[in-house]
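# Survey of secondary and tertiary structure
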Amino acid sequence: SQEGGYEGSVLQWHKYTGAGIVFLTSLIYWSRNQGWYNSPVAKSGALVTSLCLIFAGHFGATITHGDNFVLGPVISSEQNVVPIDQAIVFDDLVRPVFEKKCVSCHNPDKVKGNLSLTDKKSILAGGKNGKLYVAGNPEISLLLQRVHLPMEEKKHMPPSGKVQLTNEEVTLLHLWIKNNADFKLKVVDLPVKDSLRLLAANLLKPAQ
């Protein structure tokens, strides 16, 4: 909590519910030998403590792994796969990479490096180290420079211990930036043998 970058209310709720667990369990421990301490009181205390534990865990997971950390893995990703003739490069290919690999540290509640990757405006604004990318020039784009740093480097992204980008995802980001990082570009607007279109064809459903 001391590293900065927490701008939402999630961190505070995580603290409050965590402190509530300590308070409630201490109270239960102190009360267990009192005359008024009976089975209904014990059950009520256990229920409230369990609820605090669930919410504290939920808020903690949101801070470290991003929104929908609990339900995300059980929701089929197939529902997000659109036919290639309807796909928009950013919305259907690039954004999912950000959501899976980057947003846990770069969201309105945890703006690490003053960078948020949850919407177009924030992505274009960049962070404390400047713009995220140079449209049309992936080689000098900060996003890809950080991705390609050695794993032991502090500034390597995602950080060590987090799920890393696959080679396919890195290539996708490279090609998107090379195509001027267009937020409205449709896959079908690319030449038939364009590298980005060929990659998209492997990731998306065929046209109906």
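These numbers were taken from a predicted model, which means no experiment stands behind them. (Residues numbered from 1 in each chain as written. Predicted model: local features only at pLDDT ≥ 70, side-chain atom pairs only at ≥ 80, totals over all residues. Heavy atoms only, no water.)

Before going further, it helps to examine the packing of aromatic side chains. Counted according to the given criterion, the structure contains six aromatic pairs. Arranged with centres 6.2 Å apart and planes meeting at 85°, the rings of tryptophan 13 and tyrosine 16 form a pair that is edge-to-face. A residue pair is termed a helical-turn pair when its members lie 3 or 4 positions apart in one helix, as tryptophan 13 and tyrosine 16 do in helix α1 (residues 10-31) at three residues. Assessed through its relative accessible area of 45%, tryptophan 13 is described here as partly exposed. (Phe/Tyr/Trp six-rings, centres within 6.5 Å; stacked < 30°, edge-to-face > 60°. Helix = DSSP H or I, 4+ residues; strand = E, 2+ residues; numbered from the N terminus. Buried < 20%, exposed > 50% of the residue type's maximum accessible area, 1.4 Å probe, protein only.)

Caution applies to low-pLDDT regions: their predicted coordinates should not be interpreted in detail. Mean pLDDT for the protein chain: 85, with 86% of residues reaching 70 or above. Element-level pLDDT for the protein chain is lowest in strand β2 (residues 110-111), with a mean of 80, against a maximum mean of 96 in helix α6 (residues 167-178). (pLDDT = per-residue confidence, 0-100.)

Turning to helix α7 (residues 195-203), its buried residues are Leu196, Leu199 and Ala200. The buried residues of α7 occupy an angular sector of 100° when the element is viewed end-on, so they sit on one face. Summarising the contacts, the buried residues of α7 are in contact with α3 (89-101) and α6. Here α7 starts with a cap whose side-chain oxygen sits 2.8 Å from the backbone nitrogen of leucine 196, and that cap is aspartate 194. (Arc of directions from axis to C-beta. Contact = heavy atoms within 4.5 Å. Polar contact = N/O pair within 3.5 Å; in protein donor to acceptor, adjacent residues only side chain to side chain.)

Attention shifts here to the packing of α3 against α6. The geometry of α3 relative to α6 is characterised by a closest axis approach of 11 Å and an angle of 130° between their N-to-C directions. Considered as vectors, α3 and α6 are oriented oblique to each other. Between α3 and α6 lies a crossing of left-handed hand. Taking contact as the criterion, the partners of Val89, Phe90, Leu93, Val94, Val97, Phe98, Lys100 and Lys101 in α3 are, on α6, Glu169, Leu172, Leu173 and Trp176. Here the residues of the contact of α3 with α6 are counted per class, giving nine nonpolar, no polar and three charged. (Axes fitted to C-alpha atoms, helices over the stretch in contact; angles between N-to-C directions. Parallel < 35°, antiparallel > 145°, perpendicular 65-115°, else oblique. Left-handed = near helix turned anticlockwise from the far one by under 90°. Nonpolar A, V, L, I, M, F, W, Y, C, P; charged D, E, K, R; others polar.)

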